[in-house]
Amino acid sequence: MALKGLFLDKIRDQAINRRRLGKAILQFGTAGLLSETVIGRALAAEENPPAKKSFPFPIDKGDDNPLLNTHRVNWRVTNGELMHGYIAVPAAARNKLPTVLIIHDEQGLDFATREYTRKMALNGYIALAPDFLSAWGGMPDDPAKTRALLRGVDWSWLVKDAAMTVDWLKNQRYSTGKVGAIGFGWGGKLAQYTAAQAQDALAAAVAYYSETPPMNEAAHIKAPLQLHFGTSDSAVNAAALNWVSALKSASVPLECYFYPNAGHGFMNETQPAYNEVAANEAWKRSAEFLAANLNPKESLLHKINKGEQKLEKEQAVASSTKPNVTQKANQQPK
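Computed from a prediction, not measured in an experiment: that's the story for all the values here.

Asks: Would you mind showing me how to read the overall build of the protein chain here?
Replies: Scanning the protein chain from N- to C-terminus turns up 11 helices and eight strands. Here the protein chain holds 334 residues, and the buried ones make up 48% of them. Taking as baseline every contact in the protein chain between residues at least 6 positions apart, the subset at least 24 positions apart corresponds to 68%. Put simply, the protein chain shows about 16,800 Å² of open surface, and 52% of that area lies on carbon and sulfur atoms.

Asks: What should I look at first to understand the environment of Pro-253 in this one?
Replies: The residue Pro-253 is located in the loop between helix H8 (234-249) and strand E8 (254-259) in this model. Looking at Pro-253, the relative accessible area reads 41%, which means it is partly exposed. Considered as a pair, Pro-253 and Gln-226 are 27 residues apart in the sequence and their alpha carbons are 8.5 Å apart. Among residues more than four places away in sequence, those in contact with Pro-253 are Lys-222, Ala-223, Pro-224 and Leu-225.

Asks: I tried to follow the pattern of salt bridges on my own but got confused; where do I start?
Replies: Side-chain pairs of opposite charge can arise whenever the charged atoms involved come near each other. Counted under the stated rule, the structure contains nine salt bridges. For Arg-151, the salt bridge goes to Glu-106, with nearest N and O atoms at 3.1 Å. In this pair, Arg-151 sits in helix H5 (residues 143-152) while Glu-106 sits in the loop between strand E3 (97-103) and helix H4 (111-121), placing the two residues 45 residues apart along the sequence. What makes Arg-151 exposed here is its relative accessible area of 55%.

Asks: I'm lost on the sheet that holds strand E1 (residues 68-76) in this one. Help?
Replies: Through backbone hydrogen bonds, the strands of a sheet pair up, either in parallel or in antiparallel fashion. One open sheet accounts for eight strands, arranged E1-E2-E4-E3-E5-E6-E7-E8; its pairing is mixed. With partners counted over all chains shown, the strands left at the sheet margins are E1 and E8, one partner each. In this sheet, adjacent strand axes meet at a mean angle of 20° when their direction is disregarded. Alignment of E3 against strand E5 (residues 175-184), held across six bridges, turns out to be parallel. What sits directly across from Leu-97, in E5, is Ser-175. Sitting on the sheet, helix H9 (residues 276-294) is in contact with E3, E5, strand E6 (204-208), strand E7 (225-230) and E8, with an inclination near 165° to E6.

Asks: Help me understand helix H10 (residues 298-321), please; the structure alone is not making it clear to me.
Replies: Compared with an ideal rise of 1.5 Å per residue, which puts 24 residues at 34 Å, H10 spans 35 Å between its outermost C-alpha atoms and is within 8% of the ideal. Looking at the buried positions of H10, the neighbouring elements they touch are strand E2 (82-90), E3 and H4.

Asks: Would you explain the environment of Pro-58 in this entry?
Replies: Residue placement: Pro-58 occurs in the loop between helix H3 (36-47) and E1. On a C-alpha basis, the gap between Pro-58 and Phe-111 in space is 8.8 Å, while along the polypeptide they are 53 residues apart. Look past the residues within four positions of Pro-58 in its chain and what remains in contact with it is Arg-72 and Arg-114.

Cut-offs applied
- Counting of residues starts from 1 at the beginning of each chain's written sequence and follows it residue by residue.
- Side-chain atom pairs in this predicted model are given and counted only at pLDDT of 80 or more, local residue features only at pLDDT of at least 70, and totals for whole chains, interfaces and linings cover all residues.
- Side-chain numbers come from the whole structure's heavy atoms, not from hydrogens or water.
- Where helices and strands are cited, they refer to DSSP runs of H or I of at least four residues and of E of at least two residues respectively, numbered from the N terminus.
- When a residue's accessible area, from a 1.4 Å probe over protein chains only, is under 20% of the maximum for its type it is buried; when over 50% it is exposed; and in between it is partly exposed.
- Note on contacts: a residue pair is in contact if any heavy atoms of the two residues lie within 4.5 Å.
- Reported accessibility uses the Shrake-Rupley method at a 1.4 Å probe radius. Residues are deemed covered only where the shown protein chains occlude them.
- Any carboxyl oxygen of Asp or Glu that lies within 4 Å of a side-chain nitrogen of Lys or Arg is treated as forming a salt bridge with it.
- Two strands are said to pair when DSSP picks up at least two bridges between them.
- For helices, the fitted axis covers only the stretch in contact; all axes are lines through C-alpha atoms, and the angles between them, taken along N-to-C directions, range from 0 to 180 degrees.
- One fewer than the residue count of a helix, multiplied by 1.5 Å, yields its expected span.

So yeah, pure geometry; function would need other evidence.
Here's what the structure looks like:
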C-alpha cells in the first residue's frame, strides 16, 4: 500500500483522531509525518506517552502570599483528556464564590498569567488559569516553542476545551455558578470564542489586544464583553473596529477602550511593551466590569482588604527594622 494511502487509512480507521494527529504534527513537523518511521513513532508515542511531570510550571514567590491558597489542578476536557492548570483562592473564603477563567497569551501559562490569577483571586474569586497546551504535551520550557505550538494547535479543540472548563467551574461545589473569563492577546481571542461557544454558561468576558474571531461568531455571543486595545497596536486594531461593529449589530452588551501610546502586550510587566498607566487603568475597569456581572461577596472583599492592610503594615515594620548595608558595616568589630 502506498505510504499516503496507509496514512489516510489510519486516520479514516480512527487509529488516531484529530487531536492526536495535531499533536503528531506539532511534535514531528508536517514534512516528518511523510516518513513511515515517524508515523510509527508518533502513534507509538500516543499509545505509550513518556512519563513527565504533571505540573510543569514552577512554584512562584507569589504562592507564599498568606491571603491566598494556590494549587496545581487538573480536570477532564475533550475526549477525557487531562487539562492542567493553576488555581488561586482567597484564604479567607468560607462559602461559594464566583469563578474567573484566566486565559494566557502566546507565552503560555507563564509568571505573568499566574500573577493575573493571584490578583483576580484577591478580588474575591476562585481564579483558574489553564495550560491550554496540556493535551499537546504541556507548555515547553522554551517560550519560542510555546508560541510556535500555540500558533499551530487546532482552534476547534481549544474552544471545546475552554467551554468544558467553563462548565467544570460552573458545576463545582465551591462555585456560585457564575463564571467569567479574561484573556490576553492569544487568550483574548480564545475568551471571545469561548463566549460564543459557552453562550449563557458564561456571565462575562474580557479580552485584551486580541485578534478577532470570525465576524459570524458575534451572533452567538450572549455574555457582556469588555475589550481593551492599545492605540499603537495597528496590526490588531485594523480588524478590531470591524469586530466591534459586528458585536454592536448583534446587540452584544459591549464596552471597548483604546489606550493612548500603548502597544500589543501593554499589560504584561515582563514584556518591553508594558505600559504601567494603561495597565492600571485597564485592570481597574476589568475588575469593576467582572464585579458587576459576577457579584463577588462584599464580606469576603472586606476581609481581603483588612488582610492586605495588615500585611502592608507587617512588611513596613520588617523593612524599617532590617539593618541596611551601611549599618551592618558600622557594626563590624574593628
